[in-house]
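Residue-level structural notes
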Amino acid sequence: MSETKYIFVTGGNLSGLGKGLAAASMGRLLKSRGLSVSILKVDPYINVDAGTMSPYQHGEVFVTKDGAETDLDLGHYERFIDIDLTEKSNITTGQVYHAVIDKERKGSYLGATVQVIPHITNEIKDRIHGLSIQNEERPDVVIVEIGGTVGDIESLPFLEAIRQFRMDQPRGHVLNIHLTFLPLVSTTKELKTKLTQHAVRALREIGIQPDILLCRSTQEMNDDVKKKIALFCNVPIDSIFSDVDVDNIYFIPLVFEEIGVGSKLVELLNLECGPPDLSDWIGMVDAIKNPEAKIKIALVGKYAILRDAYISVIEALIHGGIANRITVEVDCILSENLEDNENWSDILAGYSGIVIPGGFGDRGIKGKILACQFAREQKVPFLGLCLGLQVATVEYARNVIGIKNANSTEFDEVAPEPIIDLMPDQKKITRKGGTMRLGHYPCNIKPGTNAHEAYGVDVVNERHRHRLEINNKYRDQLEKAGMIMCGVSPDDLLVEMVELKDHPWHVSTQFHPEFQSRPQRAHPLFREFIKASLEYHKRVEDLLPGKVKEKVPEVS
Ligand code: GLN
């Protein structure tokens, strides 16, 4: 078995340049050569994990199958490389200090003065090594993305650790890739290299010489620009690549392959592998580029002004589109905007499907309930995810069964009719952070339902992140009124999925199917939801020509 090689990806100049997507794309290129790849994100914040952070600040919390609450970049990694990651794939400053202080209290350092170097840096290196041993099989390549920008105080211990890491490894086993920004001066149409020069200088000051530069810009650099960067940054010209803007994130691996990033990684790490086989990826990109139709989906949520807060849901909807060879456009609608607004139904009219994603707290709930009612009454395809299931159930109890005070105890602790209530084992928990029902749990699916038709199997494992559930006391009543409990835990104590009898496609899940969707393999529920939405779209167009077109431009 060959030894694991390492790729460290750092970023200069500014955040938001797409380091995560670049790292994920390189992972895909290596995997397409038959190599096994694992990947890790370092987040230099003090939070132990992303679970306690507001989606407004860091976007969605991505949940791994083993229940870790992680950075959204892990979602990109899973979708691009098509692997399931674990809690080992997200390291934070909080975790590292927590572990070191814990060891100090146990006396593990034998009286030493505990310091950033070597104790914190050793802990970081150990965690990176920890990823090389997975299922007793060593991955051929481990990619490590360092979050933040070189020059931030927070990332210094991590950069020092990766500087040392290279020294500890045999020559040629470690690559440092730096992502920088090349601004285009609009008047002269010139790409300026100075920012990149400064970004590389900042990295070299802490002892790291990059092997490869990825320069993010709106257009390709010409050879003169590359020569200048090569000279000032001490990087060979053939290791400097343009990372240009693309229309769709799934094009990035193919663009990288075309400009030679994949073969450069293989050459510099001396990897033993065959030529890349990207045929499946190319097929998927072909479906994106040649859609047969286009539909619009409304995603009604509380954090709708930040699309990153729902990134996995949006991507999974797009995957559903790819599987049906159509373009899916997702409009994020702030649920509060539907509240106390007499034209609320106009906002939702014309969409081919409605999604209520996960969430916490009571802000915007009234608007979500209206959206559920609209989808149910107008027979618009509906997908409720986690909080979406809970809200759809409250809506059904109130408006179909007639339990006017039906509510969730999350919104009203003393709700007289607690249709949605805390799970029994959550009642005693007061600490936040890693205390919800998290990760994979099995769900039995009822045959003869839309959910069963989508999955095509009797049992599935799906990822969870919740504290509340449908109150079992109301199950019979809901079922009698036409809400089918189409997915339940194997002990039958927890409702995992519901769907409506008198509706073409109205399915809700207590879990988060979006985390398991992949561009080449849309999650079955998203695939079928989009299929139902396309059928609805066609039906409305036939009955009321122009009705959906108000929101849906002609297919180009
Ligand atoms: N707030 C709800 C709960 O804790 C839903 C959680 C979610 O949507 N992820 O059960």
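Here's what I pulled together on the structure shown here. Position numbers for residues start from 1 in each chain and track the written sequence from start to end. The predicted origin of the model limits local features to residues at a pLDDT of at least 70 and limits the giving and counting of side-chain atom pairs to 80 or more, whereas totals for whole chains, interfaces and linings rest on all residues. The side-chain numbers reported here are obtained from all heavy atoms of the structure, hydrogens and water having been left aside.

**Overview of the packing of aromatic side chains**
Centre distance within 6.5 Å is the pairing criterion for rings of Phe, Tyr and Trp, where only the six-membered ring of Trp is used; planes under 30 degrees apart are then read as stacked, over 60 as edge-to-face, and the remainder as tilted. In total, this model carries eleven aromatic pairs according to the counting rule given. Seen from their ring centres, Tyr6 and Phe8 are 6.5 Å apart, and the 10° between their planes marks the pair as stacked. Phe8 matches Tyr6 in its accessibility class, with the two residues each being buried. On the numbers, 5.8 Å between centres and 50° between planes, the contact of Trp505 with Phe529 is tilted. Here the residue Trp505 occupies a position in the loop between β22 (495–500) and β23 (506–509), and Phe529 occupies one in helix α18 (residues 524–543), the gap between them amounting to 24 residues. Here's how the labels work: a residue is buried when its accessible area is under 20% of the maximum for its type, exposed when over 50%, partly exposed in between, all with a 1.4 Å probe on protein chains only. For Trp505, a relative accessible area of 5% translates into the label buried. Each helix corresponds to a stretch of at least 4 residues labelled H or I by DSSP, and each strand to a stretch of at least 2 residues labelled E; elements are numbered beginning at the N terminus.

**A short note on a nonpolar patch on the surface**
To count toward a patch, a residue needs a relative accessible area over 30% and no salt bridge; like charges are then connected within 9 Å, while nonpolar side chains (Val, Leu, Ile, Met, Phe, Trp, Tyr) are connected within 5 Å. What sets the accessible areas is the Shrake-Rupley method with a 1.4 Å probe; for residues, cover comes only from the shown protein chains. Within this document, salt bridges are pairs made up of a side-chain nitrogen of Lys or Arg and a carboxyl oxygen of Asp or Glu, the two lying within 4 Å of each other. A cluster of nonpolar side chains, contributed by Tyr97, Ile101, Val116 and Ile117, occupies part of the molecular surface with about 340 Å² of accessible area. Secondary structure elements with two or more residues in the nonpolar patch: α4 (93–105) and α5 (116–132). Looking at the element boundaries, Ile117 is found in helix α5. Residue Ile117 is classed as partly exposed on the basis of its relative accessible area of 47%.

**A short note on the pattern of salt bridges**
In this structure the tally under the stated criterion is 36 salt bridges. With a shortest N-O distance of 3.0 Å, Lys294 and Glu329 are connected by a salt bridge. On the criterion of sequence distance, the pair formed by Lys294 in strand β12 (residues 294–301) and Glu329 in strand β13 (residues 327–334) is long-range, its members being 35 residues apart. Overall, Glu329 belongs to the partly exposed group, its relative accessible area being 28%. Salt-bridge contacts for Arg376 lead to Glu395; the nearest nitrogen and oxygen are separated by 2.7 Å.

**Observations concerning the site of the ligand**
The immediate surroundings of the ligand are formed by Gly358, Gly359, Phe360, Cys386, Leu387, Gln390, Glu410, Arg465, His466, Arg467, Leu468 and His512. Here a polar contact is taken to be a pair of N or O atoms separated by no more than 3.5 Å, where protein atoms must pair a possible hydrogen donor with a possible acceptor and residues adjacent in sequence count only if both atoms sit in side chains. Between Glu410 and the ligand, the recorded distance is 2.8 Å, taken from a side-chain N or O atom to a nitrogen atom. At a separation of 2.9 Å, an oxygen atom of the ligand approaches a polar backbone atom of Leu468. In isolation the ligand exposes 300 Å². Once the protein is present, 99% of that is buried. Elements with a contribution of two residues or more to the shell around the ligand: α15 (387–401) and β19 (459–466). To be near a molecule or strand, a residue needs just one of its heavy atoms within 4 Å of it.

**A few points about the nonpolar core**
What is meant by a nonpolar core is a set of buried Ala, Val, Leu, Ile, Met, Phe, Trp, Tyr and Cys residues, joined one to another through side-chain atoms within 4.5 Å. Core analysis: the largest hydrophobic core is formed by 47 residues, its most contacted members being Ile7, Leu30, Ile143, Leu214 and Leu265. In terms of residue count, helix α1 (residues 19–31) provides more of this core than any other element does, seven residues in total. Residue contacts follow a heavy-atom distance rule, with two residues in contact if any of their heavy atoms lie within 4.5 Å. Not counting residues within four places of it along the chain, the set of residues in contact with Leu30 comprises Ile7, Leu35, Val37, Val141, Ile143, Leu265 and Leu271. By size, the runner-up hydrophobic cluster in this structure holds 43 residues, among which are Leu348, Ile356, Tyr396 and Val495.

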